[in-house]
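Secondary and tertiary structure notes
Below, each chain spelled out in residue letters.
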Amino acid sequence: MKRQSIIYTLVIISLLSLKTKAQNWKPVTAAITFKIKHSLGATAEGSFKGFSGTIFFDVMNLSTASIKATVDAKSIDTGIHLRDNTMRSGDYFDVEKYPKISIISTKIEKNIKENEYIGYFNLTIKNITKNLKIPFVFTQNGTQASFKGSFAINRTEYGVGEKSALLGDTATITITIIVNTQQ
């Protein structure tokens with residue numbers, strides 16, 4: 001009886017330690033898209049590629065969660081080659097000098113609704129870093145999961161172009177990351 005009690009205790013301790021350790025997620029695919037309004041209501045859309053990141057996330061222990069990611073700034077694609085080259089220039093993303101856009105979490109909290117969280121992140125574009133509050137949804141199905149979030153930034157605050165009567169200041173960014181557990 002005493003031996004059985006010790007075994008049960010060890011099993012419970014093992015299970016509790018699994019729940020308190022952040023899961024290491026390996027990114028499988030990522031979609032980073034953006035929209036920005038032009039004058040007269042037209043919208044320009046585009047995407048970035050070259051996602052790389054490390055994700056430690058456990059819904060049972062958000063204090064240990066961390067998300068760090070980068071995308072290649074030169075990968076910007078709006079579907080118009082001439083516009084893409086302009087966006088890569090020194091007037092916008094200056095990809096030769098600043099090849100990566102990065103985002104690093106500083107804190108993650110549970111939101112009121114199921115599967116919803118709020119992340120506080122440092123977003124760095126060019127040499128400018130600003131703290132953002134980004135709501136996101138985390139959905140897990142076995143060993144695979146997804147992170148989906150959307151947020152808005154003022155592009156001029158990051159030195160991406162200047163104020164313009166033709167191009168809006170606010171860009172809406174949507175990020176979807178599919179991950180697998182990593183042992």
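Structure's up top.
Here's what I pulled together on the structure shown here.

When helices and strands are counted, the protein shows two helices and eight strands. Counting from the amino terminus, helix and strand elements in the protein follow one another as α-β-β-β-α-β-β-β-β-β. A total of 183 residues make up the protein; the buried ones form 36% of that total. Taking the intrachain contacts of the protein between residues at least 6 apart in sequence as the baseline, contacts between residues at least 24 apart amount to 55%. Accessible surface, the protein: about 11,200 Å² in total, of which carbon and sulfur atoms supply 57%.

By size, the foremost hydrophobic cluster in this structure holds 42 residues, and its most contacted members are Phe-57, Phe-93, Leu-123, Phe-147 and Ile-153. Residue assignment for this core shows that the elements contributing at least two residues are strand S1 (23-38), strand S2 (43-57), strand S3 (66-77), strand S4 (100-110), strand S5 (116-125), strand S6 (128-141), strand S7 (144-154) and strand S8 (167-181). With six residues, S8 is the single largest residue contributor to this core. Beyond its immediate stretch of four places on either side in the chain, Ile-153 contacts Leu-123, Ile-125, Leu-132, Tyr-158, Asp-169, Thr-170, Ala-171 and Ile-173.

As a further point, take the pairing of S6. Pairing of S5 with S6 involves 10 bridges; the strand directions are antiparallel. Its bridge partner being in S6, Tyr-117 is matched across the sheet by Phe-136. From the end of S5 to the start of S6, which pair antiparallel, there are two residues, and Lys-126 there has a positive phi angle of about 60°. When S6 meets S7, the two strands line up antiparallel, connected through six bridges. In the sheet register, Phe-138 faces S7, and the bridge partner there is Phe-147.

Taken together, the eight strands give a closed barrel; going around it, the order is S1-S2-S3-S4-S5-S6-S7-S8, and neighbouring strands pair in antiparallel fashion. For this sheet, the mean angle separating the axes of adjacent strands, direction not counted, is 25°. This element, helix H2 (residues 81-88), spans S1, S2 and S3 of the sheet and lies at about 125° to S3.

Here we come to the side chain of Asp-58. Position of Asp-58 relative to the elements: it lies in the loop between S2 and S3. A distance of 2.9 Å separates the side chain of Asp-58 from the backbone nitrogen of Met-60, its partner in a polar contact.

Now for unusual backbone geometry. Peptide bonds are, in most cases, trans, and in most cases residues other than glycine have a negative phi. For Asp-94, which is not glycine, the phi torsion reads 45° and is therefore positive. In this fold, Asp-94 is placed in the loop between H2 and S4. Of note, the phi angle at Lys-126 is positive, near 60°, even though the residue is not glycine. With respect to the element layout, Lys-126 can be found in the loop between S5 and S6.

Right, let's talk about the pattern of salt bridges for a bit. In the structure shown here, the tally under the stated rule is four salt bridges. A salt bridge links Asp-169 to Lys-163, with the nearest nitrogen and oxygen atoms 2.5 Å apart. Residue Asp-169 is classed as buried on the basis of its relative accessible area, which comes to 18%. Overall, Lys-163 belongs to the exposed group, its relative accessible area being 62%.

Sheet analysis places S2 next to S3, joined by seven bridges and oriented antiparallel. When the sheet's bridge partners are listed, Ser-47 is paired in S3 with Asp-77. Relative to S4, S3 runs antiparallel, the two sharing five bridges. Within S4, the position partnered with Thr-70 by the bridge is Ser-102.

The rules behind the values
- Residues numbered from 1 in each chain as written.
- Predicted model: local features only at pLDDT ≥ 70, side-chain atom pairs only at ≥ 80, totals over all residues.
- Heavy atoms only, no water.
- Helix = DSSP H or I, 4+ residues; strand = E, 2+ residues; numbered from the N terminus.
- Buried < 20%, exposed > 50% of the residue type's maximum accessible area, 1.4 Å probe, protein only.
- Contact = heavy atoms within 4.5 Å.
- Areas by Shrake-Rupley, 256 points an atom, 1.4 Å probe, with all protein chains shown as cover.
- Core = buried A, V, L, I, M, F, W, Y, C linked by side-chain atoms within 4.5 Å.
- Pairing = 2+ DSSP bridges.
- Axes fitted to C-alpha atoms, helices over the stretch in contact; angles between N-to-C directions.
- Polar contact = N/O pair within 3.5 Å; in protein donor to acceptor, adjacent residues only side chain to side chain.
- Salt bridge = Lys/Arg side-chain N within 4 Å of Asp/Glu carboxyl O.

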